[in-house]
Structures are given as structure tokens and as C-alpha cells.
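# Fold and contact review
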Amino acid sequence: GAVVSQHPSRVICKSGTSVKIECRSLDFQATTMFWYRQFPKQSLMLMATSNEGSKATYEQGVEKDKFLINHASLTLSTLTVTSAHPEDSSFYICSALAVAGELFFGEGSRLTVL
Amino acid sequence: DAKTTQPPSMDCAEGRAANLPCNHSTISGNEYVYWYRQIHSQGPQYIIHGLKNNETNEMASLIITEDRKSSTLILPHATLRDTAVYYCIVHRGNKLVFGAGTILRVKS
């Protein structure tokens, strides 16, 4: 099946620094990608919709200046957590929409902010 | 998107069929039913989806009632590796909004 890859899978950073997470669709083009975050023992929460060549659409309550999303090509979307704080520690997951309408998810990226 | 209701947890014996129910009584005519599962600390894995007809693939079967207000995901021969959180999602368009899901525990 289609593959979506996220990098890095784990990252630890100091409070106040910025962290970039990449999401790549390896064998298909995706005009639309989605970013989710997941806290322990909770479900996935949709953060934003990333559209190739245009601005991302953020869900209510998600700070767009805090979570910068760039979708510069049909196979790559990036999420940058700016000025990270410990409360930003979470599991971040991306998904990519294939032409047939299926959504494929990446393996997730675990962010720990010290 | 229509809301879904799933039991919080279920147990299943290894080798037996696992039947996971989902209620989506407010589903509208052009909304699909999707099933994903998530094994601990991994991204969700697509299982199956359907609109009106029952569907089957190599992983599972999806049974949708005639009025489309509920559905059942069937894993025909559950294994220990099927232990996961199973999400039933109803949507149209592109966005998938996840509910709490069902924790399925397959026991030997």
C-alpha cells in the first residue's frame, strides 16, 4: 500500500527552540495532507489541513503562528513547532490524501520538550 | 461530519471472530464509513471503508445496516497482533475526525 513517512520519529528539544517535522508521501502525490496531535491515552486531534501551494487551514483553537505548516511540494509537508514548551510535548501524526480518496498515515513523531 | 458511538473496550479470544460495532445514526446519504486502527505509539492504519454495501478485503469485513445507522467491523480470525484501538469514522470530503474508538484486546 501507499507509504507516508515522517521524520524524525523522536525528537527531544529544549524549551524555547523550534522543531521541524517532515511528512512525505513516498509513492504517491498528495495535494492535501493533515496534521494531528495525540496526547497519551487520548484520541487523535486534527490540528490543520495542509494544501499544496496554499496556506494551511487550522482547526479552532490551534495557533497558526505556533504551528507553522508548509506544503511546498506534492510529496512533502512540514510542521514547525515554534518556541516549543513542555506542554507542546505530544505525538504528532500526519496523513496524506491519495487520489482514490484513501488517507494514509505516517508513523508519527514523538516530541519531548524539556 | 456525523458523530459515531463505539464501546470503549472489547475482549476477544485468539482465533475467534472479533465484531466491533459502531453507531452512526445521524449519517447522511453521501457520508462514508471508515475504519482505522492504531497500535500503541504508531500512526493509524487504514482497514476498510464503505458507503452502502458490505465490503470485504484481506484484513476485514464491513457490514453496514440497510438504514446505514450502524455498522460492524469483523476481523474473522483475530490474532494477538490485532490488539489495538479501532476507530469508526463517518465523513464526507477529506477531513477525518477521530472519536475515542474501541480498545480491542485479543487474548490467548
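Residues numbered from 1 in each chain as written. Chains lettered and ligands numbered in written order. Predicted model: local features only at pLDDT ≥ 70, side-chain atom pairs only at ≥ 80, totals over all residues. Heavy atoms only, no water.

### Points about the sheet that holds strand β1 (residues 9–13) of chain B
All names here are of chain B. Strand order in this open sheet of 5 strands is β1-β9-β8-β3-β4, and the pairing throughout is mixed. Strands at the two margins of the open sheet, each flanked by one partner only, are β1 and β4 (45–50). Strand-to-strand twist across the sheet, computed as the mean angle between neighbouring axes with direction ignored, equals 25°. Pairing of β1 with strand β9 (residues 102–107), which is carried by 5 bridges, proceeds in the parallel orientation. Residue A13 lies in a different strand from β9, and its bridge partner there is K107. (Pairing = 2+ DSSP bridges. Helix = DSSP H or I, 4+ residues; strand = E, 2+ residues; numbered from the N terminus. Axes fitted to C-alpha atoms, helices over the stretch in contact; angles between N-to-C directions.)

### Structural notes on the confidence of the model for chain A
Atom-level detail of predicted coordinates should not be read off regions where pLDDT is low. In this model, chain A carries a mean pLDDT of 92, and residues with pLDDT of at least 70 account for 98%. Confidence scores differ between elements of chain A, with strand β10 (residues 103–105) of chain A showing the lowest mean pLDDT of 88 and strand β11 (residues 109–113) of chain A the highest of 97. (pLDDT = per-residue confidence, 0-100.)

### Thoughts on the pattern of salt bridges
Across all of its chains, the model carries 5 salt bridges over all chains by this definition. Between A:R24 and A:E22 there is a salt bridge, with its nearest N and O atoms 3.4 Å apart. A salt bridge links A:K66 to A:D88; the nearest nitrogen and oxygen atoms lie 2.7 Å apart. Highlighted residues: A:K66 in the loop between β6 (57–58) and β7 (67–73) and A:D88 in the loop between β8 (76–81) and β9 (90–97), separated in sequence by 22 residues. A single burial state applies to A:K66 and to A:D88, both of which are buried. Several salt bridges share partner residues, and in doing so they unite B:D11, B:R105 and B:K107 into one network. (Salt bridge = Lys/Arg side-chain N within 4 Å of Asp/Glu carboxyl O. Buried < 20%, exposed > 50% of the residue type's maximum accessible area, 1.4 Å probe, protein only.)

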